[in-house]
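Descriptive structure summary
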Amino acid sequence: MIAVIDYSVGNPGSILNMLRKIGAKAELSADEKVLSRANKLILPGVGAFDTGMANLRVKNLIPLLDELVMKKEIPILGICLGMQLLGKGSEEGIAEGLGWLNFTSVRFKFVESDKKLKVPHMGWNNIFVRRSSLLLKELSVDSRYYFVHSYYAHPNEPQIILAETSYGINFASVLQKNNIFGVQFHPEKSHRFGLQLLRNFAECC
Ligand SMILES: NC(=O)CC[C@H](N)C(=O)O
């Protein structure tokens, strides 16, 4: 069963719908018993970094997730803000992140010449695979994904970058280290392309 972590942030409903579409058993929960019996976890996310971390703290989810992800090595997929929370922190706030991946999130800063590029990066864009992974298998050549974000992961460990996306700069749009995965885009808003990525996560790892 895939547990979508309920920390009152994001749009878990559309993630659950997509998981059901691919025939994956999924539950939205913040309950320790439910999360502990999941064989995969998804950390959704729409909103501000400090709010996300505060909600995880208020629901006392951080020690449990540390145990499940870092000790039991349960595969977890962080989506958008959910990916940013996997890192050490973000320029968006002052809170510490979960610290499972070695990166911080930084704001898009465009030089004058790029002033046509608006922040947030909002809309469809491609990903360029840099390292093969079961998460990215069988992606169609024309695959594209829906992004809505003003911050992006700036890894201190380049080897965790699975794919990059170009928006003024090339930024890390898919990350992986062992059982920990993150995508900056919204698979649940990316139609058949997002469906394939969630199918890969449900079946792999
Ligand atoms: N859509 C989101 O969740 C955005 C995440 C974060 N606040 C950012 O702007 O990058």
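Since the model is a prediction, treat every value here as computed from it, not as a measurement.

Attention now moves to the site of the ligand. The local shell around the ligand consists of Gly45, Val46, Gly47, Cys80, Leu81, Gln84, Glu92, Val148, His149, Ser150, Tyr151 and His186. In this structure, an oxygen atom belonging to the ligand sits 3.3 Å away from a main-chain N or O atom of Gly45. Separating an oxygen atom of the ligand from a backbone N or O atom of Tyr151 is a distance of 2.9 Å. When isolated, the ligand has an accessible area of 290 Å², and the protein chains bury 90% of it. When residues of the shell around the ligand are traced back to their parent elements, those giving at least two are helix H5 (81-84) and strand S9 (145-149). Residue composition of the shell around the ligand, by class: five nonpolar, six polar and one charged.

Let us now look at the UniProt feature "active site" (unreviewed entry) in the chain. Residues annotated by UniProt as "active site" (unreviewed entry) correspond here to Cys80, His186 and Glu188. Look at the named residues: they lie 109 residues apart in sequence, but the longest C-alpha span between them is just 10.8 Å, so in the fold they bunch up. Of the annotated positions mentioned, Cys80 and His186 line the largest pocket. The topology assignment puts Cys80 in the loop between strand S4 (76-79) and H5. If near-sequence neighbours (up to four positions away) are discounted, Cys80 is found in contact with Gly45, Val148, His149, Val183, Gln184, Phe185 and His186. Here His186 lies in the loop between strand S13 (180-183) and helix H6 (191-203). Contact partners of His186, with chain neighbours within four places excluded, come to Gly45, Val46, Ile79, Cys80, Tyr146 and Val148. Separated by 2.7 Å, the side chains of His186 and Glu188 make a polar contact.

Now for unusual backbone geometry. Backbone phi values are negative for most residues with the exception of glycine, while trans is the configuration of most peptide bonds. Note that the residue after Val119, namely Pro120, is joined by a cis bond; omega there is 15 degrees. Among the secondary structure elements, Pro120 is positioned in the loop between strand S6 (103-107) and strand S7 (121-125). Even without being a glycine, His191 presents a positive backbone phi close to 45 degrees.

All right, on to the side chain of Glu157 then. When you line up the elements, Glu157 lands in the loop between strand S10 (151-155) and strand S11 (161-167). Residue classification places Glu157 among the buried positions, given a relative accessible area of 15%. Within the structure, Glu157 has its side chain in polar contact with the side chain of Lys177 (distance 3.1 Å). Contacts of Glu157, omitting those with residues within four sequence positions, involve Asn102 and Lys177.

Counting residues in each nonpolar core, the largest one holds 36 residues, and the members touching the most others are Leu19, Ile42, Leu77, Ile127, Leu136 and Val174. Within the residue set of this core, elements represented by two or more residues are strand S1 (2-5), helix H1 (12-21), S4, S9, S11, strand S12 (169-177), S13 and H6. Sort the elements by how many residues they give to this core and H6 lands first, with five residues. The contacts of Leu19, once residues within four sequence positions are left out, are Ile2, Val4, Ala24, Ala26, Ile42 and Leu198.

Definitions and cut-offs
Residues numbered from 1 in each chain as written. Predicted model: local features only at pLDDT ≥ 70, side-chain atom pairs only at ≥ 80, totals over all residues. Heavy atoms only, no water. Near = heavy atom within 4 Å. Polar contact = N/O pair within 3.5 Å; in protein donor to acceptor, adjacent residues only side chain to side chain. Areas by Shrake-Rupley, 256 points an atom, 1.4 Å probe, with all protein chains shown as cover. Helix = DSSP H or I, 4+ residues; strand = E, 2+ residues; numbered from the N terminus. Nonpolar A, V, L, I, M, F, W, Y, C, P; charged D, E, K, R; others polar. UniProt positions renumbered as here; feature names shortened; annotations may be inferred. 1 Å grid on protein atoms, 1.4 Å probe; cavity = no way out; pocket = protein on both sides within 12 Å on 5 of 7 lines; lining within 4 Å. Contact = heavy atoms within 4.5 Å. Buried < 20%, exposed > 50% of the residue type's maximum accessible area, 1.4 Å probe, protein only. Core = buried A, V, L, I, M, F, W, Y, C linked by side-chain atoms within 4.5 Å.

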